[in-house]
Amino acid sequence: MLQLLGFILLFILISVWLGRHMLDKGQMVAPLSLPSLNGELVNINWPSDQQRTLVYFFAPWCSVCHISMPGLNLFVDSQSNDLQIVAIALDYENSDEVRQTIQDSGFKGQVLLGNQQLARTFNITAYPSYYMLDQHGRILHSDRGLTTPVGVWLRARL
């Protein structure tokens, strides 16, 4: 039991250390306007119809992203309208590379193409990185690394 508590504490400390450079909780995020994989411009505005939005930054070469993205489909496929998932590709060569990554991962949600300016705006230095926003665009949670459906669900409820 003591070993389990030690492992949990170590996991929490590593998570806090990894997220130390991300945007602060409570900070407002400006509306986003980015191209989709089809080339059409998509606007993500606040306030949104959903209670929460998970903005998930990934890179096509990121193996952890390939592992965690399929789990996000549980929320994309959900009948509930309280969580919006927006996946934003960064650090890619071209849209075909992103398209292939999405096809390989089986992710079914909205995918937008980001750029280096967006990465700087959100302080993205590792993948995956994600922010949970409220319906007004205020940051509720931020983290990076492997995310599970349970972790996303908990962050959307807290």
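Just so you know, these numbers come straight off a predicted model, no measurement behind them. (Residues numbered from 1 in each chain as written. Predicted model: local features only at pLDDT ≥ 70, side-chain atom pairs only at ≥ 80, totals over all residues. Heavy atoms only, no water.)

A. The overall build of the chain, seen in detail. Broken down by element type, the chain carries five helices and seven strands. Each helix and strand of the chain, ordered N terminal to C terminal, gives the series α-β-β-β-α-β-α-β-α-β-β-α. Counting every position in the chain, which comprises 158 residues, the buried fraction comes to 44%. A separation of at least 24 residues holds for 72% of the contacts in the chain among residues at least 6 apart in sequence. (Helix = DSSP H or I, 4+ residues; strand = E, 2+ residues; numbered from the N terminus. Buried < 20%, exposed > 50% of the residue type's maximum accessible area, 1.4 Å probe, protein only. Contact = heavy atoms within 4.5 Å.)

B. The arrangement of the packing of helix α2 (residues 63-76) against helix α3 (residues 95-105) in detail. Running from N to C, α2 and α3 point in directions that differ by 60°, and their axes come no closer than 9 Å. Between α2 and α3, the interaxial angle falls into the category oblique. Our pair here, α2 against α3, has a crossing hand that is right-handed. Contact residues: His66, Met69 and Pro70 in α2; Thr101, Ile102 and Ser105 in α3. (Axes fitted to C-alpha atoms, helices over the stretch in contact; angles between N-to-C directions. Parallel < 35°, antiparallel > 145°, perpendicular 65-115°, else oblique. Left-handed = near helix turned anticlockwise from the far one by under 90°.)

C. Just unusual backbone geometry, in detail. The omega torsion of the bond from tyrosine 127 to proline 128 falls at -15°, within 30 degrees of zero and hence cis. Tracing the sequence through the fold places proline 128 in the loop between α4 (116-121) and β6 (129-134). The phi dihedral of aspartate 91 is positive, around 60°, even though this residue is not glycine. Unusually for a residue other than glycine, asparagine 123 sits at a positive phi of about 55°. A residue is classified by how much of its surface remains accessible, and asparagine 123, at 29% relative accessible area, is partly exposed.

D. A nonpolar patch on the surface, seen in detail. Taken together, the side chains of Met1, Leu2, Leu4 and Leu5 define a hydrophobic patch exposed on the protein surface, amounting to about 510 Å² of accessible area. You can see leucine 5 is positioned in helix α1 (residues 2-18). (Patch = residues over 30% accessible without salt bridge, like charges linked within 9 Å, V, L, I, M, F, W, Y side chains within 5 Å. Areas by Shrake-Rupley, 256 points an atom, 1.4 Å probe, with all protein chains shown as cover. Salt bridge = Lys/Arg side-chain N within 4 Å of Asp/Glu carboxyl O.)

E. A look at the pairing of strand β5 (residues 110-113). Here four bridges tie strand β4 (residues 83-89) to β5, and the two strands are oriented parallel to one another. Across the sheet, residue isoleucine 88 finds its bridge partner in β5, namely leucine 112. Following the backbone out of β4, through α3 and into the adjacent parallel β5, one traces a crossover that is right-handed. (Pairing = 2+ DSSP bridges. Right-handed = clockwise from strand over helix to strand, strands pointing away.)

F. Spotlight on the nonpolar core. In this structure, Phe57, Phe58, Ile88, Phe122 and Tyr131 are the most contacted members of the largest nonpolar core, which totals 46 residues. In this view, phenylalanine 122 contacts Leu23, Val29, Leu32, Phe57 and Tyr131; residues no more than four positions away in its chain are not counted. (Core = buried A, V, L, I, M, F, W, Y, C linked by side-chain atoms within 4.5 Å.)

G. Up close: the sheet that holds β4. Spatially, β5-β4-β3-β6-β7 is the arrangement adopted by the five strands of the open sheet, whose pairing is mixed. Two strands close off the open sheet at either side, each with one partner strand: β5 and β7 (139-144). Looking at each pair of strands side by side, their axes are set apart by 20° on average, direction ignored. As paired strands, strand β3 (residues 52-58) and β4 are joined by seven bridges and run parallel to one another. Within the sheet, the bridge partner assigned to tyrosine 56 lies in β4 and is alanine 87. Seen against the sheet, α2 touches β3 and β4 and runs at an angle of roughly 160° to β3.

H. Looking closely at helix α5 (residues 149-157). Residues of α5 that are buried include every one of Gly151, Val152 and Ala156, and no others. For α5, the buried positions fall inside an angular range of 130° around the axis, keeping them on one side. Residues of α5 that are buried sit in contact with β3, α2, β4 and β6. (Arc of directions from axis to C-beta.)

I. Summary view of the environment of serine 129. Relative to the assigned elements, serine 129 resides in strand β6. Placed 70 residues apart in sequence, serine 129 and alanine 59 show a C-alpha to C-alpha distance of 9.8 Å. When residues no more than four places from it in sequence are discounted, the contact partners of serine 129 are Met22, Val55, Tyr56, Phe57, Ile124, Asp143 and Arg144. Side-chain polar atoms of serine 129 contact the backbone oxygen of alanine 126, separated by 2.6 Å. (Polar contact = N/O pair within 3.5 Å; in protein donor to acceptor, adjacent residues only side chain to side chain.)

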